[in-house]
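Fold and contact review
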Amino acid sequence: MDIEGLQRSILDWYGANARSLPWRRPPGEGRKGPAPDAYHVWLSEVMLQQTTVVHAAPYYERFLRRWPTVTALADADDGEVMAAWAGLGYYARARNLLACARAVRDRFDGRFPETEAALRELPGLGPYTAAAVAAIAFNRPSNVVDGNVERVMARLFAVETPLPAARPELRELAAGLVFAAAPGDWAQALMDLGATVCRPRSPQCPRCPAETACAARLSGAPEGWPRKTPRNLRPDRAGVVFVLRVKGRIAVVRRPPRGLLGGMLGLPGTAWTAEGPGEAEILAAAPANLAWRDVGAVEHVFTHFRLTLRVLAAEGDPEAGFEMLEETSLGDLPSVFLKAARRALGMIGGA
Ligand code: SF4
């Protein structure tokens with residue numbers, strides 16, 4: 001099956017099997033009628049970052065009844081929004097939600113910007129959410145890649161590189177398949193395929209529209225993808241750290257007394273895990289709502305794992321709870337954080 005055949009097959013399957021979700025337009029409608037409202041798409045994607053469709057749907061409907069537009073949400077009382085959010089997990093996401101709504105009201109006259117790049121400038125909008133809003137609400141040919149799409153790509157193309165190192169390759173493979181004539185439908189088709197058919201432990205290949213094109217299926221053991229690092233090698237872990245700079249100092253945290261680098265100073269960031277952090281975890285770990293710049297990654301080898309640390313940098317004031325370290329004292333940091341801080345400061349013009 002060539003790429004066009006694969007796209008057509010997946011879109012036809014989506015046309016017949018799309019999940020009916022409160023924030024969705026039926027397949028094809030986004031192309032004919034008005035596109036889905038960007039506020040609806042954004043709100044649903046933020047809610048779904050760490051919970052299931054079933055759990056998020058009533059919250060979504062309550063939010064829309066109470067705050068029917070992004071401007072209404074922007075004008076809401078902080079405490080009321082926090083209370084309405086209770087049960088959806090990380091409050092950092094609710095704070096980001098409000099900050100983003102207010103930025104849309106104040107900077108864009110209450111209308112979400114349409115491009116992925118402009119969406120990324122909004123507080124709390126990471127690469128996945130920006131791409132999803134651009135594709136679904138504005139029919140931009142964005143490459144929308146979450147864990148489900150990564151799994152589908154790893155299987156379709158039988159990618160042998162294990163996660164998380166395979167991420168750039170999987171993203172590139174997904175980019176090569178984006179259906180530019182209906183990017184919103186395409187993004188949602190892949191989401192649905194990953195969520196309902198190409199499931200992590202039990203892919204339902206006989207029901208899959210990509211079955212005849214799928215290299216993992218042809219291998220006879222599709223559940224073996226995405227590949228994981230073999231246990232007997234030093235495993236890979238991935239995380240994200242933040243270098244927040246203000247007036248010649250950077251924000252640091254004292255690490256918990258027990259565990260790796262216990263009691264030492266460190267940079268704020270996510271946990272270090274085999275899968276690497278998701279977008280919600282990254283947002284929750286950010287020390288401030290700022291436009292974070294990705295300045296690349298640093299590698300560090302510990303005795304029992306190899307760490308890839310993505311470094312995000314910004315200038316501005318942290319929220320409460322951070323110590324400030326003079327840039328002239330970076331040597332106080334353990335070497336893994338020193339590498340990350342030097343990388344960031346080198347890129348944003350510091351030490
Ligand atoms: Fe996933 Fe099976 Fe479909 Fe391949 S054929 S994409 S493994 S469900």
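A brief structural summary.

1. Side note on the overall build of the protein
The secondary structure content of the protein amounts to 15 helices and six strands. Taking 351 residues into account, the globule formula puts the C-alpha radius of gyration at 20 Å, and the protein, at 21 Å, falls close to it. Taken along the three principal axes of its C-alpha coordinates, the protein extends 60 × 55 × 35 Å. Considering only contacts within the protein whose residues lie at least 6 apart along the sequence, 67% involve residues at least 24 apart.

2. Structural notes on the packing of aromatic side chains
Given two aromatic rings, one states the distance between the centres and the angle between the planes to describe the pair. Counted by the stated rule, this structure contains ten aromatic pairs. Judged by centre distance (5.3 Å) and plane angle (50°), the ring pair of W42 and F112 falls under tilted. Within this pair, whereas W42 is found in helix α3 (residues 38-48), its partner F112 is found in the loop between α7 (91-108) and α8 (116-120), the two being separated by 70 residues in sequence. A relative accessible area of 1% means that W42 is categorised as buried. Owing to a relative accessible area of 8%, F112 belongs among the buried residues under this scheme.

3. Thoughts on unusual backbone geometry
Cis geometry is found at the peptide bond from L163 to P164, where omega equals 0°. Residue W225 is joined to P226 through a cis peptide bond whose omega torsion reads -5°. Positive phi, close to 50°, is recorded for N139, a residue that is not glycine. Along the chain, the position of N139 falls in the loop between α9 (127-138) and α10 (147-156). On the accessibility criterion, N139 (28% relative accessible area) is partly exposed.

4. Looking at the nonpolar core
Counting 48 residues, the largest nonpolar core has W42, F63 and F112 as the members making the most contacts within it. The set of elements that each furnish at least two residues to this core consists of α3, α4 (53-66), α5 (70-74), α6 (78-85), α7, α9 and α12 (183-197). Here this core takes nine residues from α9, the largest share from any one element. For F112, the residues in contact, after removing those within four places along its chain, are A38, Y39, W42, V70, C100, V104, L119, L122 and F138.

5. Concerning the environment of T229
The topology assignment puts T229 in the loop between α13 (215-219) and β1 (236-246). Looking at T229, the relative accessible area reads 22%, which means it is partly exposed. For T229 and P164, which are 65 residues apart along the polypeptide, the C-alpha to C-alpha distance reads 8.9 Å.

6. A short note on the pattern of salt bridges
Inspection of every chain in the model, using the stated rule, returns 15 salt bridges. E80 is paired through a salt bridge with R66; the nearest N and O atoms lie 3.3 Å apart. Taken together, the residues span a long stretch of sequence, with E80 in helix α6 and R66 in helix α4 at a distance of 14 residues. On the basis of relative accessibility, which here comes to 46%, the residue R66 falls in the partly exposed class. Its salt-bridge partner being E114, residue R140 comes within 3.2 Å of it at the nearest N-O pair. One end of the pair, R140, is in the loop between α9 and α10; the other, E114, is in the loop between α7 and α8, and 26 residues separate them in sequence. Three or more residues are tied together by salt bridges with common partners; here these are R19, R24 and D192.

7. Notes on the packing of α10 against α12
Closest axis-to-axis distance for the α10/α12 pair is 8 Å, and the angle between their directions is 80°. Between α10 and α12, the angle is such that the two are roughly perpendicular. Touching N148, V149, R151, V152 and M153 of α10 are L190, M191, L193, G194 and A195, all from α12. Of the residues that constitute the contact of α10 with α12, the class distribution is seven nonpolar, two polar and one charged.

8. Side note on helix α1 (residues 3-17)
Taking 1.5 Å of rise per residue, the 15 residues of α1 would be expected to cover 21 Å, and the 21 Å separating its terminal C-alpha atoms lies within 8% of that figure. Every buried residue belonging to α1 is among L6, Q7, I10, L11, W13 and Y14, and all of these are buried. Angular distribution of buried residues about the axis of α1 spans 155°; they occupy a single face of the element. Facing away from the buried side of α1, by more than 90 degrees, are the exposed residues E4 and A16.

9. Considering the environment of V46
Along the chain, the position of V46 falls in helix α3. The contact partners of V46, leaving out residues within four places of it in the chain, are W85, R93 and L97.

10. Points about α3
Of all eleven residues in α3, nine are buried, a share of seventy percent or more. Along α3, the residues that are buried comprise A38, Y39, V41, W42, L43, S44, E45, V46 and M47. Contact partners of the buried residues in α3: α4, α5, α6, α7, α9 and α12. The N-terminus of α3 is capped by D37, whose side-chain oxygen sits 2.7 Å from the backbone nitrogen of Y39.

11. Description of the packing of α9 against α12
For the pair α9 and α12, the least separation of the axes is 7 Å and the interaxial angle reads 130°. With respect to α12, the element α9 is oriented oblique. Contacts from Y128, A135 and I136 in α9 reach P183, G184, A187, Q188 and M191 in α12. A per-class count over the contact of α9 with α12 returns six nonpolar, two polar and no charged.

Calculation rules
Residues numbered from 1 in each chain as written. Predicted model: local features only at pLDDT ≥ 70, side-chain atom pairs only at ≥ 80, totals over all residues. Heavy atoms only, no water. Helix = DSSP H or I, 4+ residues; strand = E, 2+ residues; numbered from the N terminus. Rg over C-alpha atoms; globule rule 2.2 N^0.38 Å. Contact = heavy atoms within 4.5 Å. Phe/Tyr/Trp six-rings, centres within 6.5 Å; stacked < 30°, edge-to-face > 60°. Buried < 20%, exposed > 50% of the residue type's maximum accessible area, 1.4 Å probe, protein only. Core = buried A, V, L, I, M, F, W, Y, C linked by side-chain atoms within 4.5 Å. Salt bridge = Lys/Arg side-chain N within 4 Å of Asp/Glu carboxyl O. Axes fitted to C-alpha atoms, helices over the stretch in contact; angles between N-to-C directions. Parallel < 35°, antiparallel > 145°, perpendicular 65-115°, else oblique. Nonpolar A, V, L, I, M, F, W, Y, C, P; charged D, E, K, R; others polar. Expected span 1.5 Å × (residues − 1). Arc of directions from axis to C-beta. Polar contact = N/O pair within 3.5 Å; in protein donor to acceptor, adjacent residues only side chain to side chain.

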